[in-house]
Amino acid sequence: MKKVSIIVPLYKSESFLPKLIDSIINQSYKNIELILVDDESPDRSGEISEEYARQDNRITVIHKKNGGCCDARNKGLEAATGEYLMFADGDDWLELDCVEYLVSLLENNGCEMATTDCVFTTRDRLQTKVDNVKVYSKEEAMAAILYVNIPLGPWNKIYTTSIVKKHGLCFNIPWFGEGLYFSTMAAQFSNKIAVGHRKIYNYRLNNPNSGLTKHEVKNGLNALWNIKNIKEKISIRTPVTMHAVNWHLCYNYYFLMQYIILAGMPSEYLKDYRTAQKEMRAMAFGAITNAKVSFKQKAILTLACFAPKTIARLLAKRSAQKFKKDKMQ
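Residues numbered from 1 in each chain as written. Predicted model: local features only at pLDDT ≥ 70, side-chain atom pairs only at ≥ 80, totals over all residues. Heavy atoms only, no water.

Asks: Help me get a handle on the overall build of the chain, residues and values and all.
Replies: When its secondary structure is counted, the chain shows 12 helices and 11 strands. A compact globule built from 329 residues should have a C-alpha radius of gyration of about 20 Å, and the chain, at 20 Å, falls within 12% of that. Counting only C-alpha atoms and orienting by the principal axes, one finds that the chain spans roughly 55 × 40 × 40 Å. Out of the 329 residues in the chain, the part that is buried amounts to 52%. (Helix = DSSP H or I, 4+ residues; strand = E, 2+ residues; numbered from the N terminus. Rg over C-alpha atoms; globule rule 2.2 N^0.38 Å. Buried < 20%, exposed > 50% of the residue type's maximum accessible area, 1.4 Å probe, protein only.)

Asks: Give a description of the state of the cysteines that names residues and reports values.
Replies: Summed over all chains, the structure comprises zero disulfides. Counting only cysteine sulfurs, Cys69 is the nearest neighbor of Cys70, a cysteine outside any disulfide, at a range of 5.7 Å. Judged by relative accessible area, which is 6%, Cys70 ranks as buried. Unpaired in terms of disulfides, Cys305 finds its nearest cysteine sulfur in Cys250, a separation of 6.0 Å. (Disulfide = S-S within 2.5 Å.)

Asks: Tell me what's going on with helix α11 (residues 295-306), and back it up with residues and numbers.
Replies: For α11, spanning 12 residues, the distance from its first C-alpha to its last is 17 Å, which sits close to the expected 16 Å at 1.5 Å a residue. Within the sequence span of α11, burial applies to Leu301, Ala304 and Cys305. What you see down the axis of α11 is that its buried residues fit within an arc of 105°, all on one side. Turned more than 90 degrees from where α11 packs its buried face, Phe295, Lys296 and Phe306 sit exposed. Next to the buried residues of α11 lie α9 (239-262), α10 (270-290) and α12 (308-325). (Expected span 1.5 Å × (residues − 1). Arc of directions from axis to C-beta. Contact = heavy atoms within 4.5 Å.)

Asks: Could you give an account of the sheet that holds strand β3 (residues 59-63), naming the residues involved and the relevant values?
Replies: Spatially, the eight strands line up as an open sheet ordered β3-β2-β1-β4-β9-β6-β10-β8, and their pairing is mixed. The open sheet has two edge strands, β3 and β8 (134-136), and neither has a second partner. For this sheet, the mean inter-axis angle between neighbouring strands, taken without regard to orientation, is 20°. Where strand β1 (residues 4-10) and strand β2 (residues 32-38) come together, seven bridges link them in parallel fashion. By the bridge assignment for β2, Ile6 is matched with Leu34. (Pairing = 2+ DSSP bridges. Axes fitted to C-alpha atoms, helices over the stretch in contact; angles between N-to-C directions.)

Asks: Tell me about the packing of α9 against α11, and please be specific about residues and values.
Replies: Interhelical geometry of α9 versus α11 gives an angle of 45° and a closest axis separation of 10 Å. Judged by the inter-axis angle, α9 sits oblique to α11. Like other packed secondary-structure pairs, α9 and α11 cross with a definite hand, here left-handed. Side by side, α9 and α11 meet where Trp247, Cys250, Tyr251 and Tyr254 of the first sit next to Gln297, Lys298, Leu301 and Ala304 of the second. The residue inventory of the contact of α9 with α11, partitioned by class, reads six nonpolar, one polar and one charged. (Parallel < 35°, antiparallel > 145°, perpendicular 65-115°, else oblique. Left-handed = near helix turned anticlockwise from the far one by under 90°. Nonpolar A, V, L, I, M, F, W, Y, C, P; charged D, E, K, R; others polar.)

Asks: An account of the nonpolar core is requested, with residue identities and associated values reported.
Replies: Ranked by internal contacts, the top residues of the largest apolar core, which has 65 residues, are Tyr159, Ile227, Ile230, Tyr254 and Met280. Element by element, the count of residues in this core is highest for α9, at 12 residues. In this structure Tyr254 touches Met280, Leu301, Ala304, Pro308, Ile311 and Ala312, once residues within four positions along its chain are discounted. (Core = buried A, V, L, I, M, F, W, Y, C linked by side-chain atoms within 4.5 Å.)

Asks: Please set out α10 residue by residue, giving values where relevant.
Replies: Between its terminal C-alpha atoms α10 stretches 30 Å, which fits the 30 Å expected from 21 residues at 1.5 Å a residue. Of the residues making up α10, those classed as buried are Tyr273, Ala276, Gln277, Met280, Met283, Ala284, Ala287 and Ile288.

Asks: Now, about the sheet that holds strand β5 (residues 93-94): what can you tell me, with residues and values included?
Replies: Strand pairing in a sheet relies on backbone hydrogen bonds. The paired strands run either parallel or antiparallel. An order of β5-β11-β7 is seen for the three strands of this open sheet, with the pairing classed as mixed. The open sheet is flanked by β5 and β7 (120-121), the only strands paired with a single partner.

Asks: Talk me through the packing of α10 against α11; I want residue IDs and the actual numbers.
Replies: Between α10 and α11, whose axes approach to 10 Å, the crossing angle comes to 160°. Judged by the angle between their axes, α10 and α11 are roughly antiparallel. α11 is crossed by α10, and the crossing has left-handed handedness. In this structure, α10 uses Met280, Arg281, Ala284, Ile288 and Thr289 to contact α11, whose residues at the interface are Lys298, Leu301, Thr302, Ala304, Cys305 and Phe306. The class makeup of the residues in the contact of α10 with α11 is seven nonpolar, two polar and two charged.

Asks: Can you break down the pairing of strand β9 (residues 157-160) residue by residue, with the values?
Replies: Residues Lys157 and Tyr159 of β9 are buried on one face, and the alternating residues Ile158 and Thr160, pointing to the opposite face, are buried as well. Sheet topology places strand β6 (residues 113-116) next to β9; three bridges connect them, and they run antiparallel. Bridged to Ala114 within β9 is Ile158.

Asks: Which residues make up the pattern of salt bridges, and what values go with them?
Replies: A full pass over the atoms with the stated rule returns 11 salt bridges. Measuring nitrogen to oxygen at the nearest pair gives 2.9 Å for the salt bridge that ties Asp56 to Arg58. Here Asp56 matches Arg58 in class, with each residue buried. Among the ionic pairs, Lys199 bridges to Asp124, the shortest N-O distance being 2.7 Å. (Salt bridge = Lys/Arg side-chain N within 4 Å of Asp/Glu carboxyl O.)

Asks: I'd like to hear about unusual backbone geometry, residue by residue, with values.
Replies: With the exception of glycine, most residues fall at negative phi, and the peptide bonds are largely trans. The phi dihedral of Lys12 is positive, around 55°, even though this residue is not glycine. Residue position: Lys12 is located in the loop between β1 and α1 (17-25).

Function cannot be inferred from these measures alone, as they are strictly geometric.
The following block contains the structure:
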């Protein structure tokens, strides 16, 4: 059994941390190391981590000055000794067969990266009935991630450590959109990618401190920067990958506009808003025409071109209603 290093950045994770750590140390796959990176969290995240480390020698705790999620993950990468790599967020948790399942996808299919195309959330607790495993080429996997047909975070995936280190993959980029960058580049450099259909990762949607919950304009700007960075750096530049990256770029222009609207800061970011609107409208026809996404997704982006404020507020209202009903601990 090859060792799997699981890296978890921690900041204000106290409420969720025991559930996460318990889900990892009780994995059916035992040859793991858990690297908990305390990013100078102001709560008891660091203390809780140390308490667990005293009970399980597979746990390493790193305490560092606050530098953000990306810097914390990089510190974890430096400390990792496993042949395989995984990531988890501090407010999420794993199914008990998560590591075993992802390792089996890798090794049974001769792949250097593996993931699933769906996850449990605090609002969706139904397991898929049939596990339809597919093996994607680099090109297919990159497109699937960019279209978000595969969850785009760095979590819910397993990577071959040698691939990550050979190509110098890390998180030396702005936070928000960093997972899309890391996952896309890892797919580009892997020989092929196994994609399962079982839900083995639990993604929390009811954390009030989450970047997706708080509408901070900086996050929209960073997400836009990251997709532009991806477009510049990918070397597999086929119609399949470029249509996918252009779709995501076009959507991110609207994503930035949406965050400016919902943050109530149109005057402070007027130039950014107008530039994003101009760029979105300029590339919308080509992006929507060529994208391999649902009709609903295309319709939303089309409507956003003509009524961005109305669509933003409608989507925010729906999101707030779902968040209010989400009571899972």
